Amino acid sequence: CPMSITKMLRKLVRRPKKKPTRRGIPKGLAAKLAKLDKQFEKAEDLLVRKFAFGPTKIPAAIAYFKGMVDDAVIRQGLLRNAMLELRQVAPGKEHDEGSILEMVKQVVTVAEMEQVDKWEDIIAHLLSGHAILMVEGMAPVLSIDVTGWEHRGVEQPIAEAVIRGPRDSFTESIRINITLIRRRLRDRSLKVEMYKLGSRTRTDVALMYIADIIDPEVLAEAQKRLEAIKLDAILDSGYIEELIDDCWWSPFTTTQETERPDEVVAGLLEGRFAIVVDTSPFVVLAPTTINTIMQSPEDYYLPWMVVSLVRLVRFVGSFISLTLPAVYISLIGYHPEMIPSRLAQSIAVARDGIPFPSATEAFLLEMALELLREAGIRVPGPIGQSIGIVGGIIIGDAAVRAGLVGPVMVIVVAATAISSLLVPTYSFALALRNLRFVLMLLASFFGLFGVSMGMLAILAHLAALKSFGVSMLSPWSPLRVRDLQDSLIRLPRMALHRRPGLYQVQDPTRQEDELPEGKDH
């Protein structure tokens with residue numbers, strides 16, 4: 001065909017593409033400012049201060065974004081030194097690029113200063129809160145770290161409050177968050193790898209780990225997943241958490257979020273890694289398991305016997321929050337013979353005159369509870385608590401008086417709501433809330449058989465789910481007897497000689513096997 005032959009000839013005789021010409025940084029100050037003004041057109045917060053320094057009055061300028069730098073450092077550490085102290089420098093025979101650069105470096109005394117010779121890097125440094133020093137006759141510019149934007153101070157944790165333990169929490173500043181971790185973990189093996197993620201936001205992300213403890217394969221996988229992120233914006237650690245998740249369609253997350261520095265340090269010492277994201281007060285910990293999700297930092301600050309009882313209550317409460325409404329629906333609708341006779345009579349009397357079946361009752365009350373919960377979160381704190389408490393009492397009492405639901409169903413839903421508050425991690429509690437509706441739906445159609453099948457499906461999914469190669473059901477499946485000492489119960493601290501074996505750490509020793517003198521086994 002003549003057309004196909006023509007296309008083949010065009011491909012063979014295709015002209016080579018011209019290599020794009022790379023424009024560098026101009027030496028002239030006016031050219032630099034014109035290019036900068038073109039790049040940031042209609043950016044009213046970009047400030048440019050022109051001045052002259054040295055005995056020969058060399059023209060220069062400092063550019064920075066207002067509100068992202070420390071104005072005092074700009075005035076005292078840069079402008080004052082450049083304009084006043086450089087006057088005392090003896091004039092040289094010639095002011096080439098090298099001599100100008102050395103003269104500026106001798107006088108400008110700022111913590112971090114970097115020479116930049118690419119225009120793309122100049123833009124990135126400006127947007128990161130650095131000041132750019134441009135000098136006439138010198139192509140490279142100096143990027144000076146004078147960041148000083150407003151940020152929230154260190155406050156008490158909100159989502160993970162404890163009675164005993166540290167009261168500081170992470171903020172939206174990555175520098176402060178890394179400092180809070182280093183303050184507790186003064187180990188030279190603590191490593192911090194920085195990433196710039198988000199093609200538009202260029203968000204600072206830090207990967208933290210202890211080099212001589214973490215499994216190298218886990219570390220390599222974490223680095224690989226972070227480097228594979230190709231997104232235009234990273235606004236919170238939740239973005240990272242979802243992008244590095246092992247199973248995106250699972251209701252359970254394979255990572256753990258926390259706002260407590262002490263919990264992050266404890267995770268690092270166990271052989272896990274942490275991901276700190278700028279502008280986010282929550283740090284991501286991985287690998288994780290159901291066991292670590294159900295633990296609270298307070299568990300290690302209280303006596304082991306008390307903690308063991310609290311942990312058992314916590315696990316029982318999570319099971320109740322998942323299954324109680326579904327079991328009640330099954331027993332009332334399909335298996336009333338399994339209820340003791342006196343209790344069955346009481347329930348029958350309480351349900352006399354109720355126009356809806358038990359499944360409809362449960363769904364109505366659960367939906368009302370979810371509405372109140374969301375309303376309490378979205379409105380201010382004191383008002384939200386009042387709405388949750390008063391609204392629950394009014395709606396429950398009004399529904400019973402109107403004969404829409406029975407008092408027993410109100411008790412079941414209330415017990416479920418209280419039990420769900422025992423789960424320490426919000427994302428895991430949210431997953432249980434969603435799965436509760438699935439089990440209720442199965443119970444309304446198939447009774448206890450549907451509930452049993454649903455629970456088996458959840459357990460099978462958790463058994464197959466992994467977090468960076470670690471099973472979510474560890475140390476129960478696969479069974480690790482040694483790791484059971486810090487699971488449903490916690491043994492005394494003197495018995496915790498080794499780190500958890502499920503993370504395949506390089507250094508398993510946590511404390512020496514020998515007890516101090518005068519201590520009995």
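Residues numbered from 1 in each chain as written. Predicted model: local features only at pLDDT ≥ 70, side-chain atom pairs only at ≥ 80, totals over all residues. Heavy atoms only, no water.

1. Details of a negative patch on the surface
A cluster of acidic residues, Glu112, Glu114, Asp117, Glu120 and Asp121, forms a negative patch at the surface. Tracing the backbone through its elements, the reader meets Glu114 in strand S3 (residues 113-116). (Patch = residues over 30% accessible without salt bridge, like charges linked within 9 Å, V, L, I, M, F, W, Y side chains within 5 Å. Areas by Shrake-Rupley, 256 points an atom, 1.4 Å probe, with all protein chains shown as cover. Salt bridge = Lys/Arg side-chain N within 4 Å of Asp/Glu carboxyl O. Lys, Arg positive; Asp, Glu negative; His and termini not counted. Charge placed at Lys NZ, Arg CZ, Asp CG, Glu CD. Helix = DSSP H or I, 4+ residues; strand = E, 2+ residues; numbered from the N terminus.)

2. As for the pairing of strand S6 (residues 190-197)
Pairing of S6 with strand S7 (residues 203-210), which is carried by eight bridges, proceeds in the antiparallel orientation. What sits directly across from Tyr195, in S7, is Val205. Between S6 and S7, which pair antiparallel and follow one another directly, the connecting turn spans five residues, one of which, Gly198, has a positive phi of 95 degrees. (Pairing = 2+ DSSP bridges.)

3. A short note on the packing of helix H11 (residues 304-333) against helix H17 (residues 448-464)
Where H11 meets H17, the axes come as close as 9 Å, and the angle between the chain directions of the two elements is 155 degrees. As far as their axial angle goes, H17 and H11 are roughly antiparallel. Taken together, the residues of H17 that come into contact with H11 (itself represented by Phe319, Leu322, Thr323, Ala326, Ser330 and Leu331) are Leu448, Val451, Met455 and Ile458. The residue makeup of the contact of H11 with H17, split by class, is eight nonpolar, two polar and no charged. (Axes fitted to C-alpha atoms, helices over the stretch in contact; angles between N-to-C directions. Parallel < 35°, antiparallel > 145°, perpendicular 65-115°, else oblique. Contact = heavy atoms within 4.5 Å. Nonpolar A, V, L, I, M, F, W, Y, C, P; charged D, E, K, R; others polar.)

4. Overview of the pattern of salt bridges
All told, the structure shown has 16 salt bridges when counted by the stated rule. Two residues, Asp145 and Arg175, come together in a salt bridge whose shortest N-O distance is 2.7 Å. Linking Asp145 in strand S5 (residues 141-145) with Arg175 in helix H6 (residues 174-184), this pair joins segments that are 30 residues apart in sequence. Here the salt bridges do not stand alone but share partners, grouping Asp299, Arg311, Arg314 and Asp486 into one network.

5. Some words on the environment of Leu422
As for its position among the elements, Leu422 is in the loop between helix H15 (407-420) and helix H16 (426-446). Exposure remark for Leu422: the relative accessible area of 36% places this residue in the partly exposed category. Excluding residues within four positions of it along the chain, Leu422 makes contact with Val313, Arg314 and Gly317. (Buried < 20%, exposed > 50% of the residue type's maximum accessible area, 1.4 Å probe, protein only.)

6. Here's the deal with helix H5 (residues 119-127)
All of the buried residues in H5 are Trp119, Ile122, Ile123, His125 and Leu126. Seen from one end, H5 has its buried residues packed into an arc of 165 degrees, which puts them on one side. The inward-facing, buried residues of H5 contact helix H2 (29-39), strand S1 (46-53), strand S2 (58-65), S3, strand S4 (130-135) and S5. Phi for Gly129, located one or two positions after H5, is positive at around 95 degrees. (Arc of directions from axis to C-beta.)

7. Notes on the sheet that holds strand S9 (residues 273-277)
In spatial order, the strands read S6-S7-S9-S10-S8; together these five strands make up an open sheet with antiparallel pairing. At either end of the open sheet lies a strand with only one pairing partner, and these are S6 and strand S8 (256-258). Each neighbouring strand pair of the sheet contributes to a mean axis angle of 25 degrees, computed without reference to strand direction. Pairing geometry for S9 and strand S10 (residues 283-286), over three bridges, is antiparallel. The residue of S10 that forms the bridge with Ala274 is Leu285.

8. Concerning the sheet that holds S5
Overall, antiparallel pairing links the five strands, which are arranged S1-S2-S4-S5-S3 in an open sheet. Strands at the two margins of the open sheet, each flanked by one partner only, are S1 and S3. Each strand axis lies, on average, 25 degrees off the axis of its neighbour in the sheet, ignoring direction. Here S1 pairs with S2 via eight bridges, running antiparallel. From the neighbouring strand, Val48 faces S2, where its bridge partner is Ala63. Sitting on the sheet, H5 touches S1, S2, S3, S4 and S5, and the angle it makes with S4 is about 135 degrees.

9. With respect to the packing of H2 against H5
For the pair H2 and H5, the least separation of the axes is 12 Å and the interaxial angle reads 60 degrees. Accordingly, the angle class assigned to the pair H2 and H5 is oblique. Handedness of the crossing formed by H2 with H5: right-handed. Contact with H2, carried on its side by Lys32, Lys35, Leu36 and Gln39, involves Trp119, Ile123 and Leu126 of H5 and no other residues of that element. (Left-handed = near helix turned anticlockwise from the far one by under 90°.)

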